[in-house]
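Residues per chain are reported as follows:
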Amino acid sequence: MFRQAVRDVRNAPQPAPVASPKDPALAALHAAVNQLLASSHALGEPMLEVAPAYLSDTETADVLTLLCEQIGEPFEHGLAARRYAMSGDRRALHGTVL
């Protein structure tokens, strides 16, 4: 029940409302970025289950390093996805995923 309450509070953030670009290539790029954000949030949720938000990045490193190796994800991407799932702020992915 607690896990569901946390999920309800921490829903995947909706993409920022932006007018549809008239250029089809730009519209496809926007769609790809939004899909990348959604998949990063989906990756961040299990990262939070393994390493809850109250742990520091240093404490999280031991746990997430092993998980990231098992799923074939770079540690920096897993850590960024965890931060993004906690905050919903796209800037958490800057330099790693985006």
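Predicted, not measured: the structure shown is a model, and the values here were computed from it.

Asker: Quick question: what am I supposed to make of the nonpolar core here?
Answerer: Burial of nonpolar side chains together is a common tendency in soluble globular proteins. By size, the foremost hydrophobic cluster in this structure holds six residues: Met47, Ala51, Leu64, Leu67, Cys68 and Leu79. Top element by residues in this core is helix α3 (residues 57-71). It accounts for three residues. Leu37, Ala80, Tyr84 and Ala92 belong to the second largest nonpolar core, which has five residues in total.

Asker: Looking at this model, I keep getting lost on the packing of helix α2 (residues 24-50) against α3. Mind explaining?
Answerer: A packed helix pair is summarised by two numbers, namely the angle formed by the two axes and the spacing between the axes. It is the contact of α2 with α3, at a shortest axis distance of 10 Å, that shows an interaxial angle of 140 degrees. On the basis of the axis angle, α2 is oblique to α3. In the crossing of α2 with α3, the sense of the turn from one axis to the other is right-handed. In this structure, α2 uses Leu43, Met47 and Val50 to contact α3, whose residues at the interface are Val63, Leu64, Leu67, Cys68 and Ile71. Taken together, the residues of the contact of α2 with α3 break down into eight nonpolar, no polar and no charged.

Asker: Would you mind showing me how to read the pattern of salt bridges here?
Answerer: Two side chains carrying opposite charge are able to pair once their charged atoms lie near each other. Counted by the stated rule, this structure contains one salt bridge. Taking the shortest distance from any N to any O, the salt bridge between Arg91 and Asp89 comes out at 2.6 Å.

Asker: Honestly, α3 in this entry has me stumped. Any pointers?
Answerer: For an α-helix the count is 3.6 residues per turn, leaving residues at separations of three or four pointing the same way. Of all the bends in α3, the greatest, near 40 degrees, is centred on Val63. Every buried residue of α3 is accounted for by Thr60, Leu64, Leu67 and Cys68. For α3, the secondary structure elements touched by its buried residues are α2 and α4 (75-87). Phi for Gly72, located one or two positions after α3, is positive at around 75 degrees.

Asker: Could you clarify how one ought to interpret the confidence of the model for the protein in this entry?
Answerer: Note that predicted coordinates carrying low pLDDT should not be read in detail. Mean pLDDT over the protein stands at 82; residues scoring 70 or higher make up 79%. For the protein, helix α1 (residues 2-9) is the element with the lowest average pLDDT, namely 62, and α4 is the one with the highest, namely 90.

Criteria and cut-off values
- Residues numbered from 1 in each chain as written.
- Predicted model: local features only at pLDDT ≥ 70, side-chain atom pairs only at ≥ 80, totals over all residues.
- Heavy atoms only, no water.
- Core = buried A, V, L, I, M, F, W, Y, C linked by side-chain atoms within 4.5 Å.
- Buried < 20%, exposed > 50% of the residue type's maximum accessible area, 1.4 Å probe, protein only.
- Helix = DSSP H or I, 4+ residues; strand = E, 2+ residues; numbered from the N terminus.
- Axes fitted to C-alpha atoms, helices over the stretch in contact; angles between N-to-C directions.
- Parallel < 35°, antiparallel > 145°, perpendicular 65-115°, else oblique.
- Left-handed = near helix turned anticlockwise from the far one by under 90°.
- Contact = heavy atoms within 4.5 Å.
- Nonpolar A, V, L, I, M, F, W, Y, C, P; charged D, E, K, R; others polar.
- Salt bridge = Lys/Arg side-chain N within 4 Å of Asp/Glu carboxyl O.
- Bend = angle between axes of the 7 residues up to and from the residue.
- pLDDT = per-residue confidence, 0-100.

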